[in-house]
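The chain contents come next:
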Amino acid sequence: DVQLQASGGGLVQAGGSLRLSCTASGFTSDDYTIGWFRQAPGKRRLGITCISLSDGATYIDSSVKGRFTISRDNYKNTVYLQMNSLKSEDTGIYYCNTRNNGANWDYWGQGTQVTVSS
């Protein structure tokens, strides 16, 4: 089974930076996509960015474009989310998940808390 572990969250001041990591295991092919999602208190979970492990193609939501960067290290089976110029509205629990061939995101895990102070 596919397993993912998100880590690297913490407390930062507005304008600061943080790097999250998502380490995956259990992949049986190279056609998986890994994505980052955020759920703020009282709000719906939304997609932030994702990357294909096979060709590196990415999607970045307009709300974080220019501030967040997703990258991959296939040797370590790890995906990173570099977050710069953080804002208070970036606060929330960040989850990584994966899907294969456009299927549902079904491996949520517990996520990692990011808190941005104003």
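Preceding block: the structure.
Residues numbered from 1 in each chain as written. Predicted model: local features only at pLDDT ≥ 70, side-chain atom pairs only at ≥ 80, totals over all residues. Heavy atoms only, no water.

K.L.:
Explain the overall build of the protein chain to me, using residue names and the numbers behind them.
P.N.:
On a plain count of helices and strands, the protein chain comes out with 0 helices and 10 strands. Helices and strands in the protein chain line up, N terminus first, as β-β-β-β-β-β-β-β-β-β. At 14 Å, the protein chain has a C-alpha radius of gyration in line with the 13 Å of a compact globule built from 118 residues. Expressed along its principal axes, the backbone C-alpha trace of the protein chain runs to roughly 45 × 25 × 25 Å. Taken over 118 residues, the protein chain has a buried fraction of 39%. As displayed, the protein chain has an accessible area near 6500 Å², and 43% of this comes from carbon and sulfur atoms. Of note, the protein chain has its 11 positive side-chain charges centred 9 Å away from the centre of its 9 negative side-chain charges. (Helix = DSSP H or I, 4+ residues; strand = E, 2+ residues; numbered from the N terminus. Rg over C-alpha atoms; globule rule 2.2 N^0.38 Å. Buried < 20%, exposed > 50% of the residue type's maximum accessible area, 1.4 Å probe, protein only. Areas by Shrake-Rupley, 256 points an atom, 1.4 Å probe, with all protein chains shown as cover. Lys, Arg positive; Asp, Glu negative; His and termini not counted. Charge placed at Lys NZ, Arg CZ, Asp CG, Glu CD.)

K.L.:
For the environment of Arg-67, give the residues involved together with the corresponding values.
P.N.:
Looking at the element boundaries, Arg-67 is found in the loop between strand S6 (58-60) and strand S7 (68-73). Sequence separation between Arg-67 and Asp-31 is 36 residues, and the spatial gap between their C-alpha atoms is 27 Å. The residues touching Arg-67, leaving out its near neighbours within four places in the chain, are Gln-82, Met-83, Asn-84, Ser-85, Leu-86, Lys-87 and Asp-90. (Contact = heavy atoms within 4.5 Å.)

K.L.:
Describe the sheet that holds strand S2 (residues 10-13), listing the residues and the values that go with them.
P.N.:
What the 6 strands build is an open sheet, ordered S2-S10-S9-S4-S5-S6; its pairing is mixed. This sheet does not close on itself; its edge strands, each paired only once, are S2 and S6. This sheet shows a mean twist of 25° between the axes of neighbouring strands, independent of strand direction. Taken together, the 8 bridges between strand S4 (residues 32-39) and strand S9 (residues 92-100) define a ladder with antiparallel strand orientation. Considered in S9, the bridge of Arg-38 is made with Tyr-94. (Pairing = 2+ DSSP bridges. Axes fitted to C-alpha atoms, helices over the stretch in contact; angles between N-to-C directions.)

K.L.:
Residue-level account of the pattern of salt bridges, with values.
P.N.:
Enumeration over the complete set of coordinates arrives at 2 salt bridges. Across the pair Arg-38 and Asp-90 runs a salt bridge, and its minimum N-O distance is 3.5 Å. Pair noted here: Arg-38 is in strand S4 and Asp-90 is in the loop between strand S8 (78-83) and S9, with a separation of 52 residues, a long-range link. Residue Arg-38 is classed as buried on the basis of its relative accessible area, which comes to 9%. Residue Asp-90 is joined to Arg-67 by a salt bridge in which the shortest nitrogen-to-oxygen separation is 2.8 Å. Of this pair, Asp-90 sits in the loop between S8 and S9 while Arg-67 sits in the loop between S6 and S7, and the two are 23 residues apart along the sequence. Judged by its relative accessible area of 11%, Arg-67 is buried. Shared partners join several salt bridges into a network, and the residues in it are Arg-38, Arg-67 and Asp-90. (Salt bridge = Lys/Arg side-chain N within 4 Å of Asp/Glu carboxyl O.)

K.L.:
Requested: an account of the packing of aromatic side chains, with residues and values cited.
P.N.:
What describes a pair of aromatic rings is the distance from one ring centre to the other and the angle between the planes of the rings. As enumerated under the stated definition, the model contains 4 aromatic pairs in all. For the pair Phe-27 and Tyr-32, a centre-to-centre distance of 4.2 Å together with 20° between the ring planes defines the contact as stacked. Ring plane angle 75° and centroid distance 4.8 Å describe the contact between Phe-37 and Trp-108, whose orientation is recorded as edge-to-face. Within this pair, whereas Phe-37 is found in strand S4, its partner Trp-108 is found in the loop between S9 and strand S10 (112-117), the two being separated by 71 residues in sequence. The class of Trp-108 is partly exposed, set by a relative accessible area of 26%. Taken together through their ring pairs, the aromatic side chains of Phe-37, Tyr-95, Trp-105 and Trp-108 make up a single cluster. Across from the ring centre of Tyr-95, 4.9 Å away, lies the NZ or CZ of Arg-45, which sits over that ring. Lying over the aromatic face of Trp-108, Arg-45 brings its terminal NZ or CZ to 3.6 Å of the ring centre. (Phe/Tyr/Trp six-rings, centres within 6.5 Å; stacked < 30°, edge-to-face > 60°. Lys NZ or Arg CZ within 6 Å of the ring centre and 35° of its normal.)

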